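Residues per chain are reported as follows:
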Amino acid sequence: MTKLFDDPARFADDALDGFVAANRGYVARVDGGVVRSTETPAGQVAVVIGGGSGHYPAFAGLVGAGLAAGSACGNMFASPSAGQVYRVAKASDAGGGVLLSFGNYAGDVLHFGQAQEKLNAEGIQTRTVLVTDDIASAPPGEIGKRRGIAGDLTVFKIAGAAAEAGRNLDEVERLALKANDHTRSLGVAFAGCTLPGAPEPLFTVPAGMMSVGLGIHGEPGISEQPLPTASELAQLLVDGLLKDRPEAAGTRVVPILNGLGTVKYDELFLLYGKIEKLLVGAGLEIVEPECGELVTSLDMSGVSLTLFWLDPELEMFWAAPADTPAFRKGNLAPRRARAVTSTAAAAAQAPAQAATAASISLAATAVEALKVARSVVVEHEDALGKLDAIAGDGDHGIGMRRGVDAAVAAAEKAHAAGAGLEELLAAAGEQWAERAGGTSGALWGAAVAAVGRTLGSKEAYTRADAAAAVDALRDSIITLGKAEAGDKTMVDALLPFAEVFNRSIRDGDGLARSLRSAADAAAKAADATAGLSPKKGRARPLAAKSLGHPDPGAVSFALIANRLADHAASIERI
Ligand code: ADP
Ligand code: MG
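What counts, and at which threshold
- Residues numbered from 1 in each chain as written.
- Chains lettered and ligands numbered in written order.
- Predicted model: local features only at pLDDT ≥ 70, side-chain atom pairs only at ≥ 80, totals over all residues.
- Heavy atoms only, no water.
- Helix = DSSP H or I, 4+ residues; strand = E, 2+ residues; numbered from the N terminus.
- Rg over C-alpha atoms; globule rule 2.2 N^0.38 Å.
- Buried < 20%, exposed > 50% of the residue type's maximum accessible area, 1.4 Å probe, protein only.
- Contact = heavy atoms within 4.5 Å.
- Areas by Shrake-Rupley, 256 points an atom, 1.4 Å probe, with all protein chains shown as cover.
- Lys, Arg positive; Asp, Glu negative; His and termini not counted.
- Charge placed at Lys NZ, Arg CZ, Asp CG, Glu CD.
- Donors = N, O, S within 2.8 Å, 3.2 Å for Na, K, Ca; no water.
- Near = heavy atom within 4 Å.
- Polar contact = N/O pair within 3.5 Å; in protein donor to acceptor, adjacent residues only side chain to side chain.
- Nonpolar A, V, L, I, M, F, W, Y, C, P; charged D, E, K, R; others polar.
- Salt bridge = Lys/Arg side-chain N within 4 Å of Asp/Glu carboxyl O.
- Domains from an automatic or database assignment.
- Buried area = accessible area lost by both parts, 1.4 Å probe.
- Phe/Tyr/Trp six-rings, centres within 6.5 Å; stacked < 30°, edge-to-face > 60°.
- Lys NZ or Arg CZ within 6 Å of the ring centre and 35° of its normal.

1. Remarks on the overall build of the chain
No. 1: Counting its regular elements, the chain contains 17 helices and 15 strands.
No. 2: On C-alpha atoms alone, the chain measures out to a radius of gyration of 24 Å, which is about the 25 Å that the 2.2 N^0.38 rule sets for 574 residues.
No. 3: Sorting the 574 residues of the chain into buried and exposed places 57% on the buried side.
No. 4: In the chain, 74% of the contacts between residues at least 6 apart in sequence involve partners at least 24 apart.
No. 5: Total accessible area computed for the chain in this model is approximately 22,100 Å², and 55% of it derives from carbon and sulfur atoms.
No. 6: Measuring between centres, the 53 positive side-chain charges of the chain sit 1 Å from its 67 negative side-chain charges.

2. Observations regarding the coordination of the magnesium ion (ligand 2)
No. 1: Protein-derived coordination of the magnesium ion (ligand 2) comes from D388 (OD), D393 (OD) and D395 (OD), at a distance range of 2.0 to 2.2 Å.
No. 2: Summarised as a motif, the one-chain spacing of the donors to the magnesium ion (ligand 2) is D-x4-D-x1-D. In this pair, the class of D388 matches that of D395, namely buried.

3. Focus on the site of ligand 1
No. 1: Around ligand 1, the structure places 20 residues, and the nearest of them are T439, S440, G481, M490 and D551.
No. 2: Here an oxygen atom of ligand 1 sits 2.8 Å away from a polar atom, N or O, in the main chain of M490.
No. 3: Here an oxygen atom of ligand 1 sits 2.9 Å away from a polar atom, N or O, in the main chain of G553.
No. 4: When ligand 1 sits alone it has 560 Å² of accessible area, and the protein chains cover 96% of it.
No. 5: Counting residues per element, the ones that place at least two in the shell around ligand 1 are α12 (438–455) and α17 (552–573).
No. 6: Among the elements that take part in the shell around ligand 1, α12 stands out by supplying four residues, more than any other.
No. 7: Its residues assigned to classes, the shell around ligand 1 comprises six nonpolar, eight polar and six charged.

4. Quick notes on helix α2 (residues 82–92)
No. 1: In terms of burial, α2 is a largely internal element, 10 of the 11 residues being buried.
No. 2: Restricting attention to buried positions, one finds in α2 the residues A82, G83, Q84, V85, Y86, R87, V88, A89, A91 and S92.

5. Some words on the environment of D566
No. 1: Assignment of secondary structure puts D566 in helix α17.
No. 2: In sequence terms D566 and V376 are 190 residues apart; their C-alpha atoms lie 11 Å from each other.

6. Side note on the pattern of salt bridges
No. 1: Per the counting criterion, the structure on display carries 36 salt bridges.
No. 2: In this structure, D244 and R146 form a salt bridge, with 2.9 Å as the shortest nitrogen-oxygen distance. Taken together, the residues D244 in the loop between α6 (230–243) and β10 (252–259) and R146 in the loop between β6 (126–131) and α4 (152–164) connect sequence positions 98 residues apart. Here D244 matches R146 in class, with each residue buried.
No. 3: Among the ionic contacts, a cluster of salt bridges with common partners joins R167, E171, R174, K178, D311 and E313.

7. Things to note about the domain arrangement of the chain
No. 1: Per the domain assignment, the segments of the chain are domain 1 (8–195 + 202–329) and domain 2 (352–573).
No. 2: Centre-to-centre separation of domain 1 and domain 2, based on C-alpha positions: 33 Å.
No. 3: With 28 residues of domain 1 in contact, the opposing surface of domain 2 contributes 25 residues.
No. 4: Carbon and sulfur atoms supply 53% of the area that domain 1 and domain 2 bury against each other, a total of about 2,100 Å² over both sides.
No. 5: For the pair domain 1 and domain 2, the number of links is one salt bridge.
No. 6: A salt bridge links E434 to R87; the nearest nitrogen and oxygen atoms lie 2.6 Å apart.
No. 7: Counting across the domain 1 and domain 2 interface gives five residue pairs in polar contact (both at pLDDT 80 or more).
No. 8: Secondary structure elements with two or more residues in the side of domain 1 that touches domain 2: α2 and α3 (106–121).

8. Let's talk about unusual backbone geometry
No. 1: Here the bond from Y56 into P57 is cis, since omega is 10 degrees, no more than 30 degrees from zero.
No. 2: Assignment of secondary structure puts P57 in the loop between β3 (46–53) and β4 (70–76).
No. 3: Backbone torsion omega between A58 and F59 reads 5 degrees, so that peptide bond is classified as cis.
No. 4: For F59, the position within the fold is in the loop between β3 and β4.
No. 5: With phi around 35 degrees, E288 is a residue other than glycine that occupies positive phi space.
No. 6: Topologically, E288 is positioned in the loop between β11 (285–286) and β12 (290–292).
No. 7: Residue E288 is classed as partly exposed on the basis of its relative accessible area of 35%.
No. 8: The backbone phi angle of L298 is positive, close to 50 degrees, even though this residue is not glycine.
No. 9: Looking at the element boundaries, L298 is found in the loop between β12 and β13 (301–309).

9. Points about the packing of aromatic side chains
No. 1: Summed over all chains, the structure comprises 11 aromatic pairs.
No. 2: Measuring from ring centre to ring centre gives 3.9 Å for F102 and F112, while their planes differ by 15 degrees; the resulting arrangement is stacked. Placement of the pair is F102 in strand β5 (residues 98–103) and F112 in helix α3, with a sequence separation of 10 residues. Each member of the pair, F102 as well as F112, carries the same accessibility label: buried.
No. 3: Sitting over the face of the ring of Y86, K118 holds its NZ or CZ atom 4.1 Å from the ring centroid.

Next up, the structure:
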C-alpha cells in the first residue's frame, strides 16, 4: 500500500520534485522529466530513456554521466506523452543526436514515436531502441513482441557507456540493439501493487502462491504455482532463462537479480547466492553481477532475474564507469554543473486566425460534448481501471480521467479566448495526450485533434461534415495505432460505430438518431470483444486471462458514444 501523499493525482510529480531536490548534483527538473544537471561534452549522443513513474530507480535514477542524459517521466505506470519526451530530449541533446530507449509497451511506442518524428523534423537525429527482455511475454519466435522489464538496465547502460566513450549515433544504436538481443529476464510476484490512492491492489496472488511471468505494471503473471523455497525459485528462474538463451550467447554472463518493491535485500542476497551457484554449475562465468532494486513496481512483492550474455565489446561497456543517483560504478572525473534550459509545454495561444461564426458556435458544442464525455468517464473510472487490470496494467480509468479532464480544461480556455472549433479541438487533443499518457491517451488526443482539422472553419456545417468528422476519428486512430478489426482494441467498437453512423447519415437520418444507432452498435461490439483474444497493447501477453472480458478501450469508447447520443437526443427534444 502506498501511504504517503497529499493528493494521489499529483503523486508522480511530487515524488519527482523531491527526487530532484535530493539529487541536485546529478539531475535537474525539466518540463516532462529530468536531465543531467552536469555538463556533457559537446557532440555526445544523448541517451534519453523513460516510461511510467513507479519503477524507481528506473527511470529518473539512471540519469547521469556514463548512463542516460535524460528521462521522460510519465504518470504512475503510464507512458510519458510525446510532448514530455520531446521536451526532455531537447533539453538533453548535446549536438550528437538522440537515442530513445524504453520498454516495449504500446503507449510508450506511440508517444516516443511521435516525439522522434518531431525531433527528426527539427534536424535532431533521433533513433529508437526498444527493450524486449521479458521471456514470459511472447515466445522465442516473437521476440519483437516481448515487453521490457529489468533488462532496461543493460540496454541503457551499454548505450550510455558507448555515448560516454564518444561513439556516434549509429554505433550507440547498434550497441544498444545488441545489448537487447543479449538480454533475457523472467519475473515472479508474491503479491500485487497498489496505485497511490487506490483502495485495493491492481491484482492479488492467493496466499501461499506465486505468480510466474509478471509484468512491471502490475500485469498479472501467466501462471500461478505454490510458493517455492528459495532454491526451487532459483532453479525455476535459471532453468527458464537458460532455455531461452540467445543464439549469440557465450559463457560469460551478468546476472541481475531485481527486487520489485517489497522484497528485503537479505532475501534477495539469499536468492542470489543460490542463483549464482546454479549458473556456475551450468558452466557459466559470472561477470559484475547486480543484486538489488533496479526496476521496481511500486510496492509489488516479487523478483526478476535477468541474464545479460556478454561478448568482449558488451563486457567493456558494462564494466565502464557510471555515476547516477541510483547506479554508480568505477570512477569518473567530476563534472561541472550546467545551467539547464527547459522548453515549457506549449501554452494555449491566442486564436491564430479569426474563425467563422459557425465554427465558434460549434466550438461551444464541442466543449459541451467533452464535458459529457468527462461525466461518463468519471462515473466509470474505477470500473475501467478494474477491467484493464484483468489482463492489462489497470490504468485505463485513471488515464481516461486525466485525459478528458485536461481536454475539458483546455477546451474551456480556448473557448473563453474565442477560438473556433479547429483550434479548440487541437488544444483539447494535445492536452488529452499530454496528461493521459498511455496508449489510449495518444489515440484519443490524436482523434480529437483530427476531428477539429476535418471540420475546420466553415461558413456552415451539414450532416456530411458530421460523417467526415467520424471518418477522421476512425482514420486517425487506425493510422496511429495500426490495430485491425479483431485485435481486441477500441477499434473493434470504433469501426461499427463509424459504419453505422455514416450509413444512417446517408439514409437521411438526423444527427441524434444516427448517433443513437451508431452508439448502440459500438456498445454491442464492445461487449462482443469479450470473446476476442488481444493482439495489440498491454493485454496481449495475457491473452488467456482477457478471454471472457471485454476490452477496456472498446468499453470506454462505447460508454462515451452512448452518453453523447443521449445528450444529442436531449438537445434535439429541447
Ligand atoms: P495502456 O495500454 O498504455 O495502459 P490504456 O490502459 O489507457 O493504455 O488503454 C488501453 C486500451 O487502449 C486498450 O483496451 C485498447 O482498447 C486500446 N489500444 C491499445 N493498443 C491499441 C492500438 N494499437 N490501437 C487501438 N487501440 C489500442
Ligand atoms: Mg492500461
